[in-house]
Amino acid sequence: MNYNDKIEELKRQDLLRTVKNRDCRAGRTITIGGREFLNFSSNDYLGLASNPVIVRAAQNALMDFGHGAGASRLISGGTSIHAMLEEKTASLKGADKAVMFNSGYAANTGAIPALTDAHSAIFSDELNHASIVDGCRLSAATKYIYRHNDLNQLELLLRKSQSTNKFVITESVFSMDGDIADIYNLDMLCRKYNAVLYIDDAHATGVMGSGKGALAHFNVTPDNNIVQMGTYSKALGSVGGFAAASEAVVDYLFNTARSLIYSTALPASAAAASIAAIDYIEAHPELIVKLRENITACRRVLLSEGLAVTSDETPIIPVVFDSTVETLRISGRLLEMGIYVPAIRPPTVKTPRLRISISASHEQEDIERVVNALSEGILGSRK
Ligand SMILES: Cc1ncc(COP(=O)(O)O)c(C=O)c1O
């Protein structure tokens, strides 16, 4: 394969990606290449990634346990801090037990193939995240992709399936579209067809249901047929993924999830930061209130400028464009104005878009600034 040709081809299609490295902490503003930008690109929805209380918790664990874990969890890589985080996660999610993975990506690529086999049937929303797609690819199950949030089509597929292990997988808050899956009716459907409901709660944890996630938001009680996957890396401002479920499911994952078994554990400091983040969110409900206010304000101003937004109130607000060139142009224009809103292009999404991520650390003037800049960039170009 000629990789230079491949890179040239990506360039021609405006699809070449480049890495942007910060010179500072993650926060409301970031510095890249010596220039400061107002940051609308992060999943740090509550502004906890650089919170001093959480950084100190990580520092303390670093001093007590050192940095490298030295081995995988099943050998000697785990610590009492890892176990404490798993207990806290289970309690946050209302589940019997939880297992921590090295990332949300590792959670999906480990848990999905572990919990399904050649007799299983996976039903996956067409817009599910790449880590779910990859988890499904690693699974021996038969796969069915249903149209985005189309519960009627899902029901038809479930009804037809003869599988004795039906496994429905959905994100709760879709990472690139910012809309919310109908978890209440998905749960009803799964009960009706005796299917497992596997929820990727990456963007709802710390945000919805007073921070507990989508099940709490929809008043759905966790039970043996629900697996709540999630990540500590978004609203919790930390790193690592998890699956919270029944004791049997979690014990089975410890024995079979390859991304857990065959990978060195995260350092105790990472787990300590996640514990501190969960405690912090519980002690500071005003953070989620502020996030909500910012989301509402941003949506209101975007709508008043005639820029379409999705119907659901989540921190992910996509502004979709017809072409990649146009998306890159507007994102570039915003950068010139000192505002960082990343352009999301294929293959991550089918339709190119700017993905505005709102955080509790934003101020009202930040929201006005991004929307004004956006409308100037978009509408200005159409004049
Ligand atoms: C829906 C969803 N699931 C899983 C992941 C992976 O999580 P992590 O970044 O912790 O690997 C992400 C993050 O990009 C995501 O958006």
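Residues numbered from 1 in each chain as written. Predicted model: local features only at pLDDT ≥ 70, side-chain atom pairs only at ≥ 80, totals over all residues. Heavy atoms only, no water.

## As for the overall build of the chain
Thinking step 1. Within the chain, the regular secondary structure consists of 15 helices and 13 strands.
Thinking step 2. Computed over the C-alpha atoms, the radius of gyration of the chain is 21 Å, within 12% of the 21 Å expected from 2.2 N^0.38 for a compact globule of 383 residues.
Thinking step 3. On the principal axes, the C-alpha backbone points of the chain span a range of 60 × 55 × 50 Å.
Thinking step 4. For the chain, buried positions account for 54% of its 383 residues. (Helix = DSSP H or I, 4+ residues; strand = E, 2+ residues; numbered from the N terminus. Rg over C-alpha atoms; globule rule 2.2 N^0.38 Å. Buried < 20%, exposed > 50% of the residue type's maximum accessible area, 1.4 Å probe, protein only.)

## Notes on the nonpolar core
Thinking step 1. Membership of the largest hydrophobic core comes to 88 residues, with the highest contact counts inside it found for Val168 and Leu374.
Thinking step 2. The element contributing the most residues to this core is helix H12 (residues 268-283), with 11 residues.
Thinking step 3. Shared between two domains, this core takes at least three residues from each, and those domains are domain 1 (3-39 + 285-382) and domain 2 (52-283).
Thinking step 4. If we skip the residues at most four places from it in the chain, Val168 touches Phe123, Tyr146, Leu154, Leu158, Leu186, Cys190, Ala195, Val196, Leu197 and Tyr198. (Core = buried A, V, L, I, M, F, W, Y, C linked by side-chain atoms within 4.5 Å. Domains from an automatic or database assignment. Contact = heavy atoms within 4.5 Å.)

## Section: the site of the ligand
Thinking step 1. Around the ligand, the structure places 14 residues, and the nearest of them are Gly104, Asp200, His203, Thr231 and Lys234.
Thinking step 2. At 2.7 Å from an oxygen atom of the ligand is found a side-chain nitrogen or oxygen belonging to Thr231.
Thinking step 3. Taking 390 Å² as the accessible area of the ligand by itself, protein coverage stands at 83%.
Thinking step 4. Looking at which element gives the most residues to the shell around the ligand, the answer is helix H5 (residues 104-115), with three residues. (Near = heavy atom within 4 Å. Polar contact = N/O pair within 3.5 Å; in protein donor to acceptor, adjacent residues only side chain to side chain. Areas by Shrake-Rupley, 256 points an atom, 1.4 Å probe, with all protein chains shown as cover.)

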